[in-house]
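Spelled out from the first residue to the last, the chains are:
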Amino acid sequence: MKKIFYIVLLLTIMPFVAFAQNSVSGTVTDANGEPIPGVNVLLKGTSNGTSTDFDGLYSIQTTKSSDVLVFSYLGFKTTNELVGNRSEVNIILQSSNEQLDEIVIVGYGSVRKRDLTGSVAQVSSDELNNTATSNFDQALAGRVSGVQISSVDGTPGEGLNITIRGGNSITGDNSPLYVVDGIPMDDFDPGSISTNDIKSFDIQKDASATAIYGSRAANGVILITTKQGRKDGKTDVRISASHGVQWIPNRLETLSPYEYVKYQEQVALAIDNYVPGQYVGYFKESWVDPELYRDMEGTSWQDEIFRIASTNKYNASMSGGNSTTNVYFSTEFLDQEGTMINTGFKKIYNNLKFGHKINNKTKLNGYLQYTYLNRAGVGISGNSYTSVIRDAIQFRPVEPINSDGLEAGGYDPTDQSQKYLFNPVKNLMNTDRQRRSDVLRGSLGLTHRFNSDLVLKLSGSYQIDSRKETTFFGKDTQQGTRGSDHINGSVTNRRYQTLSSSNTLAYNKTIDQHRFSLLGGMEMQTKDYEYSWMKNSEIPTDLFGIDKIGLGISPAIPQTLSSRNALLSYFGRVNYNLHDKYLFTATYRADGSSKFNKDNRWGYFPSFSAAWKISDENFLKDVEAVSFAKVRAGWGITGNNRIGDYDAYSQLNASTSSGYVWGHGENYIPGAYQSNLGVPNLRWESTAQSNIGLDLGFLDQNIELTVDYYNKQTSDLLLNAEMALHTGFNKVQQNIGKVENKGLEISLNTTNINKDKFKWYTSFNISFNENKTIALNDGQTAIYTNPNWNGSYSEYQYITQVGQPVGMMYGLEFDRIYQLDDFNWDNEYQTYVLKEGVPDNGALPVGPGSVKFIDQNGDGTINELDREIIGNPHPKHFGGFSNTFEVGNFDVSALLQWSYGFDIMNANKAVFEVPTAGKQSGFAALSDAWSPLNTDTTVGAIRYMTVYGAPPKGNQMDDRYIEDGSYLKLKSVSVGYTLPNEALEAMKVKKFRIYLTGQNLFTWTKYSGYDPDVSVGKYGALTPRLDYSAYPQSTTIMGGIDITF
Amino acid sequence: MKIQYIKYISLLAILGFLSISCSDFLNEEPQSTWGIDDFYSTQTEADIALAGIYSTFASDAVYGQGLSIIMESGTDEGYYNRRYNENWTVGLYRHTSSDNYVANLWAKLYTSINLSNMFIERLDNNAFEQEDYDRLIGEARFLRAHAYSLLVAWYGDIPMPLTSTLDQSANHLAVTADEEVYAQIIADFTFASEHLLAANDPKYIPGRANKMAAHGLMARAYLKMAGSPINNTDMYALAQAQCAIIIQDGYHGMNTDNGIGYRTHFLNYIQSTYDTQESLFEISFAYLREMGISADGRIGGINGVAFNFGGGADGYPGAYAMENVSPLLKNIYSADDLRKDWNIAGYQYTNKGDAKAVTDPLAGQYCPGKFRRWEPSNWADLDITPAEGVTEAYTLLEAVSSPSKSFTSINFPVLRYSDVLLMYAEASNFNEGPNALAISYLNMVRDRAGLGDITIENPTAVADKDSFFAELVDERAREFCFEGLRKQDLIRWGLLGEKLNLQNLTIEGEPTFKNTNENHKAYLRAGNFYTEGKHNSLPYPLQEVSLNNELEQKAGW
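What you are looking at is a predicted structure, and each value in this text was computed from that prediction instead of being measured.

Visitor: So, the pairing of strand E49 (residues 877-887) of chain A: which residues are in play, and what are the values?
Guide: All names here are of chain A. Of the strand pairs in this sheet, strand E40 (residues 758-775) and E49 are connected by 10 bridges, and their pairing is antiparallel. Residue pairing across strands places Lys759 opposite Glu886, the latter belonging to E49. Bridging between E49 and strand E50 (residues 890-900) involves 11 bridges; their strand directions are antiparallel. Residue pairing in the sheet places Ser882 in a bridge with Leu895 of E50.

So, in structure tokens, the structure goes:
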């Protein structure tokens, strides 16, 4: 280690001792002032040449003032420039052909799109910017093939699930690694950056592109490059402001007032065993007659908790500088109300980025970013105890004409079966939950060019993400009124600190037709995590909210925790380009992680890839129609180390439930339990991926087609694997199992019309992925998962089975409702007895109107042996289709996004569509409950002959609640008008655009829930596409102006 | 100057990382947990480790409610009373191998065993005086033996790890025959009995394992071996010998408290007071949730006396009252048995605040009163219906300032002195038939219950070996009902099926029984679903079977 230290130190100091002289240098930029890397610079008439670096900088030796420099770069017009007496020659190249020569950022470098050997996709910053979204990830869906963006739910500001080429991990996290301006970031919060500041967005999909990020790259890598200051002496000041409205476009269909009262009449009748008696009497006393409610509007509790919300977003940035020093500053303020009352998202963002050239060879750059994020609102989704959505569905829509003494909504605080319900409006209004994040990032980098071929880059960075979550339950909340803690508040502090350093040395050389580039580097990173929690209960007043929890008289024992991990890496890359037709890339990375034992600490991640530009071969050169053709192939290994910092250690812990009392007066003694079994051979999870791709361009690149096929084999899964229980452990983190993902991706971009006054671009992409579990723990054929979305519905509802995709929905197959002729009447016992050969449904008693399932194994009863795979959460294909028009000064773009052929577990239905014989309301289907007069139905009876129709516990999930989730969404539409140049000049403004844009405008789907883009399961890949009480998705329309001075 | 400046900055960027050595850089030790190698070396650490083991017994799956109430239901002492569901699967004999109770009990007891094994392996011998070291080891072995006793009783042949789990290879372990498991249990209890403090030692901390408890639980293990399924009758003598040690020691005895000893003794459990003379070993619970600590149980809650006032909110001694007393139990008490009114509550508190008598044994509120959280302040109120809006007073018995609706602090007995006496009587009766000492021990138990000498009041009951045995079968129900012992007693006697049949006949014979009443029919479920043979031991949990390649599921499951 010491040796390396000296080498790096030496390399850092060396250049300043030995400066080269007698050279011409400068920057090559495009028409927009963006530097172009990789431009060939040749001294005319000689073989002396060089190429520009990532910042478009070059430096070349000249001999006399009549020397002419030739700047050539594919896709740009070759330019000759007389040197004269200048020592600095800056060149602006005019483009000849845009698409192929876009610069694609790859790990620790960049490459022209035409020279790519791996599978990398780009999203333009305009595409992201022109949407009505608060964070960039919300704008990604449908843009890129192979990248599946799905929402957890519609909580404002919440991050999305991004899965690149199918999930590798079963119990681990499948989100990609983010690399922002060259710095790898785990746990990157997409809210912590402004979409406006993103210059380029590159998604590395295959292993040959990602393997250089080694152990963290198995889920793909997203490289974000942010804007920097201009280098041409000009200054841009950009101001934009937008205002938007959001609303929840649909409602779950609940019983109308009339239907509800009819239903209550049915309930009363059912409890009276269909002979009007006591309960029908009670009903009549309060409600009198359902017909009285026929035209009543009643209360829609969904309307009560939803609102039309406003969003305001302001952005200002300044970009300026010269070839020596440039500065970029931006600030953003976002205030988004949630569409559910008392929820919202706020963001304040500041970014200062600078670059400074110390001399012709050495450059400093750095940034300082601060982001404040605040997500307000009680957790709506996936809470098994309280749920405002459930309360809104189950509260009755109308009050009886003669009061029945219950609170509004039919809520009866003394009714045991309603003790989980609470007025959802009060619950929302009086629960104050704030999740605040202060993210501070800084980075300092140094680039030194020893000569035109050798470049050293050093950088150090830090990130502090300080998160504070406060929750305060006021008096008028479920907890405040009915919980044992009454008014209570808790504060959770989490602090994540990352320090990292990334250093590379790159060497480029062109010898005749051979172009080499070599890169070597090392990285170090430490991450610290600190946690603290405090809570006080029985607070006498909710006057102060969370600001004075010290008033409480029942404090909980405070908790603290801290942990730390470190990563040390060495890596290298070789590129070889022959005749500019045959391209080869090899990368290698070695990662050492503190998360593993000494013996398993190091992981090695190689990759190889090659590409052949067929279109440059003679036999294709003359084919006019084909403007570009390239075949790519690659293979590589990437890893995953996303496990707990100390999972490799056997540890003893003491928790609040592991202690015991003894001695006179029963003294509490903290107790130790083994919180982790450190499996000795715990090591990296590794994914081997092969990729074959084809890039085609036709008609002068007006049609571009990319097709990729991949095969990913993930082995040694870091699986929180089940143990034989006699070991004393239920689950232990181990390297067990294998998962396969295979897929095909196609994207097609066309320029349909390209006239001065009318341009029309289309882009289309579609992805197919097949996911399969190849192996699990030794001898284990399946992992059964109880998604635990509600304690009363506790059963295995998902299965991950060898030979099947991960996270399949698992349950019973609904047959029909038991009818009278399934039974014999037993006169002695006055009861219905199932006929011989008719299976029961798992628990007795069963009667007409009970739910009948298919007895798969024919043993006459229904239990877990009769469960089958009833739904597949993985879409057959997904993609996007967008069109952009530029007509005069107007621009219009529209994106359609779809996901086809997947299922959703609509757990809402399993609760709200099952009659309970209570006062709760529910879905409209309750009107169709079985009764002797309504036998042709799939909804069970309320009650018949003392038997309740609801299925027994443990048999509550069946295929009636699995729905096709296929959807097509009009994801975003934007219309803009840019002022013409004449007007701009008069106003002394560089650019002025006004626009109107919408997000999630319309969804075509058969799914009956709020939105098919939902997945609130708690256990990641094991419980996908679960919809229970999710925060609904919103539709957004935003208008704004964007001015650049 | 400029060069210096750059050097400084670039150095800063990298220095922090590079100036430390490589191996140090990647070494990170847990910061908020103990490593297993640097623990078990002080008295405090040993106490924390032992508290962790005790805590597994106080968990929900074991004495919290799973083993002590839910799995124990479905005998001739009581049954689950909710007809709408079959939530108490094991008590209704409706469980399968994927049942949560079946898995959780197994998992918790093995968690306890793994912790005990680790304690025994790793306790630092050099850090303690030999005597203290042995005592600590003895306590861990006591707890391990108790866990294995419960496992072997409920599951039969079981895997028997005696070293702590180190890696995944531990998954594959064949079962050990029940007799060998018992041999280990005896070895552990023997060691414990040699090294643990006696309950009357001034250094003894009540609530923890002690010398005589080890002898007593050893006697229980011998009796288990003597009965079904092992049926090694040689063990009766060994059981008798262990009981004799306790009896002759002289410290332990029964709480007689002026003729209300039975009540006083159970009030001690309810109020978390250690009564170490009669209670040889118990599981301690405390209500500490206000501090965020769960050390409580459900004793007296789910098997408690119905209390419906207050809408299920905290602050009231609520009871879910899910267990009914069997009419069979009611019938074997004589009218003047003081234990009857204690064990069968016969009262409830309605949602209107009316303390009310419950006389119909088939009423849903005919619940056990053994671990009652409350009593009417005035017993005369039971026969009075208060005016609308008036609530009758009740007395909170549990020692908490504000009772929780769901969780209680009531301790649960594991071994009481009367058990020692009756075990002695049973064992000696097997070898010698009714004998004076055995009968005198039975009489001691009867005496405390307010009953006279059995040789006078019911001489035929002690006339011969079989009738004395039958008397003891009933006496154990009268004395120990709802203490988590009955099901295993009936299984070792081979009487579970017989008693369940008798119970159903008794229920159907009750004058209030209506065969059209769904609630009444639901009481018959345990008897109807019980299958002789199959239901005398639990299946292995599904997860165990699917991960342990050396273990086969039992036939029939």
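Visitor: Before we move on, could you go through the sheet that holds strand E31 (residues 651-653) of chain A and cite the residues and values that matter?
Guide: The 3 strands lie next to each other as E34(A)-E31(A)-E1(B), forming an open sheet whose pairing is antiparallel. Edge strands, defined here as strands with exactly one partner in the open sheet, are strand E34 (673-676) of chain A together with strand E1 (34-35) of chain B. Pairing between E31(A) and E1(B): 2 bridges, direction antiparallel. Residue pairing for E1(B): Gln651(A) is matched across the bridge by Gly35(B).

Visitor: An account of a nonpolar patch on the surface is needed here, citing residue identities and associated values.
Guide: Among the surface-exposed residues, Val245(A), Ile308(A), Val887(A), Phe890(A), Val975(A), Leu996(A) and Ile1037(A) lie close enough to one another that they form a single nonpolar patch of about 580 Å² accessible area. Here Leu996(A) is to be found in strand E56 (residues 991-1005).

Visitor: Requested: an account of the nonpolar core, with residues and values cited.
Guide: Counting 131 residues, the largest nonpolar core has Phe57(B), Tyr63(B), Phe119(B) and Phe142(B) as the members making the most contacts within it. Here the element with the most residues in this core is helix H8 (residues 130-155) of chain B; it accounts for 15 residues. Of all hydrophobic cores here, the second largest spans 44 residues; its members include Ile389(A), Phe395(A), Phe902(A) and Ala907(A).

Visitor: If you had to explain the interface of chain A and chain B to someone new, which residues and values would you point to?
Guide: By a frequent convention, interface size equals the accessible area lost on bringing the separate parts together. With 106 residues of chain A at the contact, the number on the chain B side is 101 residues. Where chain A abuts chain B, roughly 8,800 Å² becomes buried across the two surfaces, and 61% of that area is made up of carbon and sulfur atoms. Two residues, Glu28(B) and Arg564(A), come together in a salt bridge whose shortest N-O distance is 2.8 Å. For the interface between chain A and chain B, the tally reads 38 residue pairs in polar contact (both at pLDDT 80 or more). Looking at which element gives the most residues to the side of chain A that touches chain B, the answer is strand E27 (residues 559-578) of chain A, with 8 residues. Among the residues making up the side of chain A that touches chain B, the classes are represented as 47 nonpolar, 46 polar and 13 charged.

Visitor: Tell me about the pattern of salt bridges, residues and numbers included.
Guide: According to the stated counting rule, one finds 78 salt bridges over all chains in the structure shown. With a shortest N-O distance of 3.0 Å, Arg632(A) and Asp708(A) are connected by a salt bridge. With Arg632(A) in strand E30 (residues 626-640) and Asp708(A) in strand E36 (residues 703-715), this pair connects stretches of sequence that are 76 residues apart. The exposure classification of Arg632(A) matches that of Asp708(A), with both residues buried. When the shortest N-O distance is used, the salt bridge between Glu457(B) and Arg446(B) registers 3.5 Å. Placement of Glu457(B) in helix H17 (residues 454-457) and of Arg446(B) in helix H16 (residues 436-448) is noted, with a sequence separation of 11 residues between them. A relative accessible area of 6% means that Arg446(B) is categorised as buried.

Visitor: So what about the pairing of strand E21 (residues 362-376) of chain A? Which residues, and what values?
Guide: Residues and elements named next belong to chain A. Burial within E21 is extensive, with 11 of its 15 residues counted as buried. Pairing between strand E20 (residues 344-357) and E21: 14 bridges, direction antiparallel. The partner of Asn350 across the bridge, within E21, is Tyr370. Between E20 and E21, which follow one another and run antiparallel, lie 4 residues. Of the strand pairs in this sheet, E21 and strand E22 (residues 431-449) are connected by 15 bridges, and their pairing is antiparallel. Bridge pairing in E22 places Leu368 opposite Gly442.

Visitor: Could you give me a rundown of the packing of aromatic side chains, with the residues and numbers involved?
Guide: Residue and element names in this part refer to chain B. Applying the stated criterion across every chain yields a total of 76 aromatic pairs over all chains. Taking the centre distance of 6.0 Å and the plane angle of 75° together, the rings of Phe266 and Phe371 count as edge-to-face. Residue Phe266 is located in helix H12 (residues 261-270), and its partner Phe371 is located in the loop between strand E8 (355-357) and strand E9 (374-376); the two are separated by 105 residues in the primary sequence. Assigned by exposure class, Phe266 and Phe371 land together as buried. The interplanar angle of 75° and the centroid separation of 5.0 Å between the aromatic rings of Phe307 and Tyr394 together place this pair among those described as edge-to-face. Of the two residues, Phe307 is situated in the loop between strand E5 (293-295) and strand E6 (323-325) and Tyr394 in strand E10 (residues 394-396); the sequence distance between them amounts to 87 residues. Of the residues examined, Phe307 reaches a relative accessible area of 4% and is grouped as buried. Residue class for Tyr394 comes out partly exposed when judged on its relative accessible area of 26%. Taken together, the aromatic side chains of Phe307, Phe309, Tyr316, Tyr347, Tyr349, Trp374, Trp379 and Tyr394 make up a single cluster linked through ring pairs. Between Lys554 and the ring centre of Tyr540, over which it is positioned, the NZ or CZ distance is 4.9 Å.

Visitor: How would you sum up the sheet that holds strand E7 (residues 91-92) of chain A? Please name residues and give values.
Guide: If you trace the 3 strands from one edge of the open sheet to the other, you get E4-E1-E7 (chain A), paired in mixed fashion. The sheet terminates laterally at strand E4 (57-61) and E7 of chain A, the two strands that pair on one side only.

Visitor: Account for the packing of helix H11 (residues 235-249) of chain B against helix H15 (residues 417-432) of chain B, with residues named and values stated.
Guide: Residues and elements named next belong to chain B. Axis separation between H11 and H15 bottoms out at 8 Å; the angle between their running directions is 140°. Considering their axes alone, H11 and H15 lie oblique with respect to each other. The handedness of the crossing between H11 and H15 is left-handed. Every residue of H15 that contacts H11 at Tyr236, Ala237, Ala239, Gln240, Cys243, Ala244, Ile246 and Ile247 is listed here: Tyr417, Val420, Leu421, Met423, Tyr424, Glu426, Ala427, Ser428, Phe430, Asn431 and Glu432.

Visitor: Run through the packing of helix H7 (residues 100-122) of chain B against H8(B), naming residues and quoting values.
Guide: All names here are of chain B. Put simply, H7 and H8 touch, their axes get as near as 9 Å, and they point 155° apart. Classified by the interaxial angle, the pair formed by H7 and H8 is roughly antiparallel. Considering the relative orientation of H7 and H8, their crossing is left-handed. Each residue belonging to the contact of H7 with H8 can be placed in one class, and the counts come to 20 nonpolar, 3 polar and 2 charged.

Visitor: Could you give me a rundown of the side chain of Ser1034(A), with the residues and numbers involved?
Guide: Residues and elements named next belong to chain A. Looking at the secondary structure, you find Ser1034 in the loop between strand E57 (1026-1027) and strand E58 (1035-1044). Reaching out from Ser1034, the side chain makes a polar contact with the side chain of Thr339 at a distance of 2.9 Å. Excluding residues within four positions of it along the chain, Ser1034 makes contact with Gln246, Trp247, Ile248, Pro249, Thr339, Gln999 and Asn1000.

Visitor: So what's going on with the state of the cysteines? Which residues, and what values?
Guide: Two cysteines form a disulfide when their sulfur atoms are joined by a covalent bond. All names here are of chain B. In total, this model carries 0 disulfides over all chains according to the counting rule given. Summary of cysteine pairing: Cys481 is not part of a disulfide, and the nearest cysteine sulfur, belonging to Cys367, is at 13 Å. The class of Cys481 is buried, set by a relative accessible area of 0%.

Visitor: Lay out H12(B) with the relevant residues and their values.
Guide: All names here are of chain B. Within H12, 9 of the 10 residues are buried, which leaves it mostly tucked inside the rest of the structure. All buried positions along H12 are accounted for by Gly261, Tyr262, Thr264, His265, Phe266, Leu267, Asn268, Tyr269 and Ile270. Looking at the buried residues of H12, the elements they touch are strand E3 (279-283), helix H14 (338-343), strand E11 (412-416), H16 and helix H18 (465-480). At the exit of H12 stands Ser272, carrying a positive phi of roughly 60°.

Visitor: Any chance you could break down the environment of Phe333(A) for me, citing the residues and the numbers?
Guide: Residues and elements named next belong to chain A. With respect to the element layout, Phe333 can be found in strand E19 (residues 325-337). Along the backbone, Phe333 and Ala241 are 92 residues apart, and their C-alpha atoms lie at a distance of 9.6 Å. Every residue in contact with Phe333, bar those within four places of it in the chain, is listed here: Asn312, Lys313, Tyr314, Lys347 and Ile348.

Visitor: Please give an account of helix H19 (residues 486-493) of chain B that cites residues and values.
Guide: Residues and elements named next belong to chain B. Most of H19 is tucked away: 8 of the 8 residues are buried. Those residues of H19 not exposed but buried are Arg486, Lys487, Gln488, Asp489, Leu490, Ile491, Arg492 and Trp493. Its buried side turned inward, H19 meets helix H6 (89-92), H8, helix H10 (211-226), H15, H18 and helix H20 (496-509). The positive-phi residue at the C-terminal boundary of H19 is Gly494, with phi of around 70°.

Visitor: Give me the confidence of the model for chain A: which residues, what numbers.
Guide: Averaged over every residue, the pLDDT of chain A is 89; residues scoring 70 or more account for 96%. Confidence drops under a pLDDT of 50 for residues 1-21 of chain A, and excluding neighbours within four residues, the segment shows 34 contacts in the predicted structure.

Scoring rules and cut-offs
- Residues numbered from 1 in each chain as written.
- Chains lettered and ligands numbered in written order.
- Predicted model: local features only at pLDDT ≥ 70, side-chain atom pairs only at ≥ 80, totals over all residues.
- Heavy atoms only, no water.
- Pairing = 2+ DSSP bridges.
- Helix = DSSP H or I, 4+ residues; strand = E, 2+ residues; numbered from the N terminus.
- Patch = residues over 30% accessible without salt bridge, like charges linked within 9 Å, V, L, I, M, F, W, Y side chains within 5 Å.
- Areas by Shrake-Rupley, 256 points an atom, 1.4 Å probe, with all protein chains shown as cover.
- Salt bridge = Lys/Arg side-chain N within 4 Å of Asp/Glu carboxyl O.
- Core = buried A, V, L, I, M, F, W, Y, C linked by side-chain atoms within 4.5 Å.
- Buried < 20%, exposed > 50% of the residue type's maximum accessible area, 1.4 Å probe, protein only.
- Contact = heavy atoms within 4.5 Å.
- Buried area = accessible area lost by both parts, 1.4 Å probe.
- Polar contact = N/O pair within 3.5 Å; in protein donor to acceptor, adjacent residues only side chain to side chain.
- Nonpolar A, V, L, I, M, F, W, Y, C, P; charged D, E, K, R; others polar.
- Phe/Tyr/Trp six-rings, centres within 6.5 Å; stacked < 30°, edge-to-face > 60°.
- Lys NZ or Arg CZ within 6 Å of the ring centre and 35° of its normal.
- Axes fitted to C-alpha atoms, helices over the stretch in contact; angles between N-to-C directions.
- Parallel < 35°, antiparallel > 145°, perpendicular 65-115°, else oblique.
- Left-handed = near helix turned anticlockwise from the far one by under 90°.
- Disulfide = S-S within 2.5 Å.
- pLDDT = per-residue confidence, 0-100.

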